[in-house]
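# Commentary on secondary and tertiary structure
Listed here are the chains, written in short residue letters.
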Amino acid sequence: MAVDQNVLVLGAAGGGVEWGTVLFTLITFIILLALLKKFAWGPLKSIMDERENAINKDIDDAHEAKVNAKKLEEENRNLLRKTQEEVQTILDDAKHQAKVQQEQIINDANVKANGLVQSAQAEIQQEKQRAIADINNRVSELSVLIASKVINKEISEQDQKDLVEKYIKEAGDK
């Protein structure tokens, strides 16, 4: 039984190596490698290279997109800051304009009120003068009437007026 095991280990029953079979197996293996290289390894390598290039391109695109996003974010921040400054400027201008308009309205109202007061005072003065003149006329008429009853004679109209004016002046001096 020991001999049978040696035969199986060496792979030959006759005890020698068959170089023809080894050479044929080696040539077949080399042809198989050449065919695999041409039909399997070449296209597989090409697909792997394309995939590597696509991945590298995607990485570069992602990096570029990240840089662009940061750039856009900074631009947006600057735009927001400028917009806030413009809004603040507009608000400040509006407040200033409102204050100027308020002062103008108050000034116009004061001028108009002063004008109305002066107009009212002038009208009051005119009414006062008319009332005094009316009172003077009535006083003169009453004085003439009283005087004519007291004297029992009629005085001319001109004499009456002179007499009344004289008494009014005397009364006004006192």
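All values reported here derive from a predicted model rather than from experimental measurement. (Residues numbered from 1 in each chain as written. Predicted model: local features only at pLDDT ≥ 70, side-chain atom pairs only at ≥ 80, totals over all residues. Heavy atoms only, no water.)

### A closer look at the overall build of the protein chain
The condition that has to hold: Helix and strand assignments come from DSSP, with helices taken as H or I runs of at least 4 residues and strands as E runs of at least 2, each series counted from the N terminus. Relative accessibility under 20% of the residue-type maximum defines a buried residue, over 50% an exposed one, and the middle range a partly exposed one, all with a 1.4 Å probe and only protein chains included. Working definition of accessibility: Shrake-Rupley area with a 1.4 Å probe, residue cover restricted to the visible protein chains.
The helix and strand tally for the protein chain stands at 3 helices and 0 strands. Counting from the amino terminus, the protein chain carries its helices and strands in the arrangement α-α-α. Taken over 174 residues, the protein chain has a buried fraction of 5%. Here the protein chain has roughly 15800 Å² of accessible surface; of this, 60% comes from carbon and sulfur atoms.

### A word on a nonpolar patch on the surface
Put simply, the rule reads: Each patch groups residues whose relative accessible area exceeds 30% and which form no salt bridge, using 9 Å between like charges and 5 Å between nonpolar side chains of Val, Leu, Ile, Met, Phe, Trp and Tyr. A carboxyl oxygen of Asp or Glu within 4 Å of a side-chain nitrogen of Lys or Arg is what we treat as a salt bridge.
A grouping of Leu23, Leu26, Ile27, Phe29, Ile30, Ile31, Leu32, Leu33, Leu35, Leu36 and Phe39 is seen on the molecular surface, where their side chains present a nonpolar patch of about 1100 Å² in accessible area. You can see Phe29 is positioned in helix H2 (residues 19–151).

### A short note on the pattern of salt bridges
All told, the structure shown has 5 salt bridges when counted by the stated rule. Between Glu74 and Arg77 there is a salt bridge, and its shortest N-O distance comes to 3.4 Å. With Glu74 and Arg77 both in helix H2 and 3 residues apart, this pair spans about one turn of that helix. Taking the relative accessible area as the measure of exposure, Arg77 reaches 45% and is therefore partly exposed. Residues participating in the shared-partner salt-bridge network are Glu73, Glu74 and Arg77.

### Overview of the confidence of the model for the protein chain
A low pLDDT score tells you not to read the predicted coordinates there in detail. What counts, and what does not: The quantity called pLDDT is the predictor's confidence in a given residue, expressed from 0 to 100.
Residues at a pLDDT of 70 or more form 83% of the protein chain, whose mean pLDDT is 84. In the model of the protein chain, helix H1 (residues 2–10) stands out as the element of lowest mean pLDDT, 46, in contrast to H2, which has the highest, 90.

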